[in-house]
Amino acid sequence: MKSKLLPIFLVLIAYTLFGILLLLPIYTVFTEAFSEGWEKYYSSITSEYALFAIGLTVKVSIVSVILNTIFGVTAAFAITRFSFPGKNLLITIIDSPFAVSPVVSGLIFLLLFGRQGTFGEFLAEHQIKIVFNTPGLILATVFITFPFVARELIPLMQSQGREEEEAGMLLGASFSQLFLRIILPNIKWGLLYGIILCNARAMGEFGAVSVLSGHIRGKTTTLPLYIEMLYNEFDSVGAFACATLLVFLSLLTLIFKLILEKRTERS
């Protein structure tokens, strides 16, 4: 009897925690967002600064995902297919964003590229502005999302082996043919999975971006930073209204994640 009740008890605990940690916060966000009616909600997410924050967030995320996709595929292929000096160092570098606090990484970039930083004088002479500008936001986001694509592809490519690629090479296929006809089809689901996670993390990044942004409204405020600014200005309804956009993003990410997991299992 006890052995039958234990699984039911554990499942109830799991669903209870799920409700407390996920559903209750989502309910609170939407309740607060619509507490003053639909008109206030709509005006909050369509204001000039809100639309700018949304656009900047999308821009930073797209660039970060593209760069990390290129790096992730290249790094995974090099690590799983070749032996070279510094291979373990490269793996450590890929994992470094997991070990370093986002705020600390932002401070490091500030010390490197700020006005008084290591490269500050050089950048000022050539009129290149990274800190408190869009390039700084992209740089911080790229670093924070560095591991997601590569870390999805490395174990996948290691498990697949290289027999098909060697067979293609023996048959005279070029590298582009190998990549498009053998490598890419074999890693496509893992690649999409990594891209989705990378995009979700990029859109929700706060710590490193906050340090490098300067919180300049209408210039360097991504959506998470804009939400913080509204909340600090006691516009809680506006803050929660904009936060619902991030909630929708999270739900879409979960849906795509589940779909990819199902497709991966079938494959």
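For the structure, check the block above.
Residues numbered from 1 in each chain as written. Predicted model: local features only at pLDDT ≥ 70, side-chain atom pairs only at ≥ 80, totals over all residues. Heavy atoms only, no water.

K.L.:
Even after reading the chapter, I still don't get helix H7 (residues 134-144), so can you show me in this structure?
P.N.:
What sets the pattern is the α-helix's 3.6 residues per turn: residues three or four places apart point alike. In terms of residue burial, H7 counts as a mostly covered element, since eight of its 11 residues are buried. On its buried side, H7 packs onto helix H3 (48-81), helix H4 (87-99), helix H5 (102-113), helix H8 (147-160), helix H10 (175-204) and helix H11 (207-213). (Buried < 20%, exposed > 50% of the residue type's maximum accessible area, 1.4 Å probe, protein only. Helix = DSSP H or I, 4+ residues; strand = E, 2+ residues; numbered from the N terminus. Contact = heavy atoms within 4.5 Å.)

K.L.:
What exactly am I supposed to notice about the pattern of salt bridges here?
P.N.:
When charged atoms on two side chains of opposite charge get close, those side chains can pair. Applying the stated criterion across every chain yields a total of four salt bridges. Asp95 is paired through a salt bridge with Arg151; the nearest N and O atoms lie 2.9 Å apart. Linking Asp95 in helix H4 with Arg151 in helix H8, this pair joins segments that are 56 residues apart in sequence. Given a relative accessible area of 26%, Asp95 falls into the partly exposed group. With relative accessibility at 30%, the residue Arg151 sits in the partly exposed group. (Salt bridge = Lys/Arg side-chain N within 4 Å of Asp/Glu carboxyl O.)

K.L.:
For this particular structure, what's the right way to read the packing of H3 against H7?
P.N.:
Packed helix pairs are characterised by how far apart their axes lie and by the angle those axes make with each other. Packing of H3 against H7 brings their axes to within 9 Å, and their N-to-C directions diverge by 50°. Between H3 and H7, the angle is such that the two are oblique. The chirality of how H3 crosses H7 is right-handed. On H7, the residues touching Leu56, Lys59, Val60, Val63, Ser64, Leu67 and Asn68 of H3 are Thr134, Leu137, Ile138, Thr141 and Val142. Of the residues in the contact of H3 with H7, the class split is seven nonpolar, four polar and one charged. (Axes fitted to C-alpha atoms, helices over the stretch in contact; angles between N-to-C directions. Parallel < 35°, antiparallel > 145°, perpendicular 65-115°, else oblique. Left-handed = near helix turned anticlockwise from the far one by under 90°. Nonpolar A, V, L, I, M, F, W, Y, C, P; charged D, E, K, R; others polar.)

Everything listed is a geometric property; what it means functionally is a separate question.
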